[in-house]
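These are the residues of each chain, in order.
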Amino acid sequence: MRRLFAGVVLWAMAALPGLAALPGLGVQPVLGASTTFQGPTAKASFGQSIVFEQRVDLRTSPDRVEVLIDFPAAIGPEVSEVPAPSGAGVQTLRFSLELADGHISPNTRLRARWRLTFGDATEVGPAVSVLYADTRFDWRTRVGDLVRIHWYEGDAAFGRRALNIAEAGVKKAEDTFGVTETEPIDFFVYASQAPFYDALGPGTRENVGGQAQADIRTMFALITPDQIDDAWVGTVLPHELTHLVFNTAVRNPYHFPPRWLNEGLAVYLSVGYGVDDRALVHGAAVDGAVMPLESLTGQFPTSRDRFFLAYSESVSAVDYLVRTYGRPALVKLVRSYADGVTDDEAFKSALGVDAEAFGAVWLKEVGADSPTRFGPQSAPAGPVPPGWIAEPSGAPGSAPPAVGSAPASQPAGEGGGTTSSRPVVGIDGLLAAVLGGVALGIVVVGVALVLRSRRATP
Ligand SMILES: [Zn+2]
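Since we're looking at a predicted model, the values are computed, not measured.

Q: Explain the overall build of the protein chain to me, please; I cannot follow it from the model alone.
A: What the protein chain contains, in helices and strands, is 10 helices and 19 strands. Out of the 458 residues in the protein chain, the part that is buried amounts to 49%. Residue pairs at least 24 apart in sequence account for 68% of intrachain contacts in the protein chain once pairs closer than 6 positions are excluded. With an accessible surface of roughly 20,500 Å², the protein chain has 54% of that area assigned to carbon and sulfur atoms.

Here's what the structure looks like:
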């Protein structure tokens, strides 16, 4: 995810003579050849900053001072340099991680250590851990076997109901994927949109109503007080939790499975392949509007019709996969991703056909025509410098030739830009779900729920 903090910071030290003998906040000092580290501290202020401090007693001035911050699920710490003290003695090193420079989701726990370099030698101080939390609300918490639900609107009955639904959702996904969750999962329920979007951070799509962040094993959902008893709450929780369990099953540093598989499984396990989804897929097949699965491997379309159709097609494909190849093949497919294989390797191993072939038979199954392939196409020859010899085609300096095979028309629906046609689906009784993204190239992240009424129909 967005972990690229400019490491903006600050200043380091104020000489504090007289404090050398003070014990460091209940932590045993760590003695290095040139440094005595007292207990480091970290203080988080929601939406503002996280300030890390380290008191040190220096026998000589260091050449370099850095703070090493570990983010959840990251392969290594982020290193930020802080101006080095120019003299020896007791100093307080300080670094402020500014939230304005990069969003951090609430419920993120960071761990930091300080590293001082003296010539060729480095000395690393003790670690400090800090939880960045949304402190704006008086959260109520209910703890289950795995899930901890946190909410600030609604009564105890809501907490009980939500927790039971969530725990059952985890169990079902565990059974399906053949994995066992052992670490707690936190679920934060927001009651209004503005603070919910503050928590998710900038760049969040406006139709997002929920998000699962696997790196911090945390889900966020927007459920207003008047929706708490709605039936769709019973599907939102298992949907999001399925994403987290799916992530546990497929986690690897190389390749994440296609989105249609992830979303299709979340819908399949939470509501099944229902009549609404079947109707959408059938209608799209009749209209020639079915999107091939290979177009649904990344972000789903943002136009309203295609956004919903993407989910319907995804669950349709999962339903077809299970009916045709059986549940063991589905489990094998999902689990094979943990080895970092490609889509084709995973599909061939589990189903005996590659991903493209599976997409083709699924298209046939739903009665859709295979779409005309318009690309990729060779780039037109551009202008080249005078005297250029090795031109593959066209004369040097000539205008790029027209591309005769350019599509005569755009595929229906999306056209060029869809920005202006993005759905703004609020809390009007519509429910849907969207996977928001892959974090750090590894981790699933955003799973969004929008409300769509058709899902509320039993
Ligand atoms: Zn989803």
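Q: Just to check I follow, could you spell out the environment of Glu240 for this structure?
A: With respect to the element layout, Glu240 can be found in helix α3 (residues 233-250). Residue classification places Glu240 among the buried residues on the basis of a relative accessible area of 0%. Between the C-alpha atom of Glu240 and that of Ser270, which follows or precedes it by 30 residues, the distance is 9.0 Å.

Q: Got a minute to help me understand the nonpolar core in this structure?
A: Most often, soluble globular proteins keep nonpolar side chains buried together rather than apart. Grouped together as the largest cluster of nonpolar side chains are 74 residues, with contacts concentrated most on Phe177, Trp260 and Phe358. Looking at which element gives the most residues to this core, the answer is helix α6 (residues 304-325), with 11 residues. Core analysis: the next-biggest nonpolar cluster, separate from the first, contains 24 residues, Phe37, Val67, Leu93 and Phe95 among them.

Q: Is there a simple way to explain the pattern of salt bridges in this structure?
A: In total, this model carries 13 salt bridges according to the counting rule given. A salt bridge links Arg94 to Glu53, with the nearest nitrogen and oxygen atoms 2.4 Å apart. Here Arg94, found in strand β7 (residues 89-98), pairs with Glu53, found in strand β4 (residues 49-58); they are 41 residues apart in sequence, far enough to count as distant. We classify Arg94 as partly exposed; its relative accessible area is 21%. Arg148 serves as the salt-bridge partner of Asp186, at 2.7 Å between the closest nitrogen and oxygen. Separated by 38 residues along the polypeptide, Asp186 in strand β13 (residues 185-190) and Arg148 in strand β12 (residues 147-151) bring together distant segments of the chain. The network of salt bridges with common partners includes Arg64, Glu66, Glu81 and Arg115.

Conventions adopted
- Residues numbered from 1 in each chain as written.
- Predicted model: local features only at pLDDT ≥ 70, side-chain atom pairs only at ≥ 80, totals over all residues.
- Heavy atoms only, no water.
- Helix = DSSP H or I, 4+ residues; strand = E, 2+ residues; numbered from the N terminus.
- Buried < 20%, exposed > 50% of the residue type's maximum accessible area, 1.4 Å probe, protein only.
- Contact = heavy atoms within 4.5 Å.
- Areas by Shrake-Rupley, 256 points an atom, 1.4 Å probe, with all protein chains shown as cover.
- Core = buried A, V, L, I, M, F, W, Y, C linked by side-chain atoms within 4.5 Å.
- Salt bridge = Lys/Arg side-chain N within 4 Å of Asp/Glu carboxyl O.

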